[in-house]
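Listed here are the chains, written in short residue letters.
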Amino acid sequence: MKKYIRLLVIPAALWALSMGLVLFSGGCTQSTPDTEPSGSLPPESTVTPAPTATREPTVTPAPTATPEPTEVPTPTPIVINTDTSTVTYLVNREFSLPEDFVPEGLTTPDVLFPFSDTTIDKAKMTPEAGAALALLFNAAYDEAGLTLYGVSAYRSYARQYTIYATNLATRGIAHTNRYSAAPGRSEHQTGLAIDISCASEGYGLETTFADTPEGIWVAENAHRFGFILRYPKDKEAITGYNYEPWHIRYVGTELAGYLYETGLTLDEYYGVPSTLSAEYLETTPFIDTTAESYLSIERQYK
Ligand SMILES: [Zn+2]
């Protein structure tokens, strides 16, 4: 039995040996292409991570970081600002100033006016707004050769009362509420607003100012100096006032730039578009029309 097994073992071993040689030689030929790339792998592996490592930190974070800050200055939690020690506070038909409010330091800005006595109220603004106005007017001249004029800036509560009451007495409630602010509800009482014009408009306040080179330049550049066009076209229902391309309001460059970019009005920015209906504005005077002060004005026009 032992011999028989040995006989069987020997040919099996010979077969296995020959097969092993075949396999071994096959393994050699197959391993050759492997060794070639594996020999070139080290250089690849040292090359690849290096560029990706340098590219990623320099390219990716830098550009994404720059656009974000320009979009972000959305001063986020917006609370209606009625603090008159700031320049961004809201005055409109629904948010009014007290009767005794007079802005501090009212002074005449170093700009042109179409009248000679520049010591009167309507030539005055707060120092900050007035300085910004001078920069705006100077830039209009230096950059575009345009000459702007200040027409009407600060207006006291009492003066606004007279204007409003006069309009009521002569033109009726609907017209008055469309064009004129009630006392305490005019931006002119802030000392931060001014009506402006130019010679070709006869220094008047008409919507045609918007189509003059001066009006176009102001609409495009006022924000650079901290001013907004307070009563834009097609925003009448939001502001509660007709389009007034001549009325600019100082709010500082940050907010002015934001409102210019977004196209928002100050009312929308604070989330308080006018809630007064057209019917209300056409029928309701903002002052007591039975009061003696109103009646005395009304009598002058009868
Ligand atoms: Zn105005």
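Just so we're clear, the structure is a prediction, and the values are computed from it rather than from any experiment.

Student: Explain the pattern of salt bridges to me, and be specific about the residues and the numbers.
Tutor: Summed over the entire model, instances satisfying the criterion amount to 7 salt bridges. Here R155 and D195 are joined by a salt bridge, their closest N and O atoms 3.7 Å apart. Taken together, the residues R155 in the loop between strand 1 (149-152) and helix 6 (157-171) and D195 in strand 2 (residues 193-197) connect sequence positions 40 residues apart. Neither residue differs from the other here; R155 and D195 are each classed as buried. Put simply, D267 and R230 hold a salt bridge, and the shortest N to O gap is 2.7 Å. Here the residue D267 occupies a position in helix 11 (residues 266-269), and R230 occupies one in strand 3 (residues 227-231), the gap between them amounting to 37 residues. The exposure class assigned to D267 is buried, which follows from its relative accessible area of 0%. Residues joined in a network through salt bridges with shared partners are E187, R230, R249 and D267.

Student: Mind laying out the nonpolar core, listing which residues take part and the relevant values?
Tutor: By size, the foremost hydrophobic cluster in this structure holds 33 residues, and its most contacted members are L133, L136, I196, W217, F227 and I248. Counting only elements with at least two residues in this core, the list comes to helix 5 (127-144), strand 2, helix 8 (213-221) and strand 4 (244-250). Tallying contributions element by element places helix 5 first for this core, with 8 residues. Not counting chain neighbours up to four residues away, the residues in contact with L136 comprise W217, N221, A222, F225, F227 and I248.

Student: Describe the environment of N177, listing the residues and the values that go with them.
Tutor: Within the fold, N177 resides in helix 7 (residues 173-179). Sequence separation of N177 and N242 is 65 residues, and the distance between their C-alpha atoms is 9.5 Å. Not counting chain neighbours up to four residues away, the residues in contact with N177 comprise R93, Y164, G240, L281, T284 and F286. A polar side-chain atom of N177 sits 2.8 Å from the main-chain carbonyl oxygen of T284.

Student: I'd love a proper account of the pairing of strand 2, names of residues and values included.
Tutor: Along a regular strand, successive side chains alternate from one face of the sheet to the other. Most of strand 2 sits out of view: 5 of its 5 residues are buried. Of the two faces of strand 2, the one carrying A193, D195 and S197 and the one carrying I194 and I196 are both buried. In terms of strand pairing, strand 1 meets strand 2 through 3 bridges, oriented antiparallel. Across the sheet, the residue bridging to G150 is I196, located in strand 2. In the sheet, strand 2 pairs with strand 4 via 3 bridges, with the strands oriented antiparallel. Pairing of A193 across the sheet is with R249, part of strand 4.

Student: Can you tell me about unusual backbone geometry, naming the residues and giving the values?
Tutor: For residues besides glycine, phi is generally negative; the peptide bonds are generally trans as well. A positive phi angle, near 60°, is found at Y203, a position not held by glycine. With respect to the secondary-structure elements, Y203 resides in the loop between strand 2 and helix 8. Phi angles above zero are rare outside glycine, and D234 is one such case at about 65°.

Student: Mind laying out the packing of aromatic side chains, listing which residues take part and the relevant values?
Tutor: Counted by the stated rule, this structure contains 8 aromatic pairs. A centroid spacing of 4.9 Å and a plane angle of 65° characterise the contact between Y269 and Y270, whose relative ring orientation is edge-to-face. The class for Y269 is buried, based on a relative accessible area of 10%. Residue classification places Y270 among the buried positions, given a relative accessible area of 7%. Ring centres of Y280 and F286 lie 6.1 Å apart, and the angle between their planes is 75°; on these two criteria the pair is classed as edge-to-face. Relative accessible area serves as the criterion here: at 34%, Y280 is assigned to the partly exposed category. Relative accessible area serves as the criterion here: at 18%, F286 is assigned to the buried category. What links up through ring pairs into an aromatic cluster is the set Y164, Y280 and F286. A cation sits over an aromatic face here: R93 above Y241, 3.8 Å from the ring centre. The positively charged end of R249 is found above the aromatic ring belonging to Y89, 5.4 Å away from the centroid.

Basis of the calculations
- Counting of residues starts from 1 at the beginning of each chain's written sequence and follows it residue by residue.
- Totals for whole chains, interfaces and linings use all residues, but because this is a predicted model, local features are given only for residues with pLDDT of at least 70 and pairs of side-chain atoms are given and counted only at 80 or more.
- Only hydrogens and water are set aside when side-chain values are computed; all heavy atoms of the structure are taken into account.
- Here, a salt bridge means any side-chain nitrogen of Lys or Arg that lies within 4 Å of a carboxyl oxygen of Asp or Glu.
- Going along the chain from the N terminus, every DSSP run of H or I of four or more residues is numbered as a helix, and every run of E of two or more is numbered as a strand.
- For every residue, the accessible area (1.4 Å probe, protein chains only) is compared with the maximum for its type, and the residue is labelled buried under 20%, exposed over 50%, or partly exposed between those bounds.
- Throughout, nonpolar core names a set of buried Ala, Val, Leu, Ile, Met, Phe, Trp, Tyr and Cys residues whose side chains join them through atoms within 4.5 Å.
- When checking whether two residues touch, look at their non-hydrogen atoms; a contact exists if any pair is within 4.5 Å.
- Pairs of N or O atoms within 3.5 Å make up the polar contacts considered here, provided that, within protein, one atom can donate a hydrogen while the other can accept it, and that residues adjacent in sequence are counted only when both atoms are side-chain atoms.
- Each pair of strands is called paired provided DSSP finds at least two bridges between the two strands.
- Two rings from Phe, Tyr or Trp (for Trp, the six-membered ring) form a pair when their centres sit within 6.5 Å of each other. Planes less than 30 degrees apart are called stacked, planes more than 60 degrees apart edge-to-face, and all others tilted.
- Consider the ring centre and the ring normal. A charge sits over the ring if Lys NZ or Arg CZ is within 6 Å of that centre and within 35 degrees of that normal.

Don't take any of this as a statement about function, it's just geometry.
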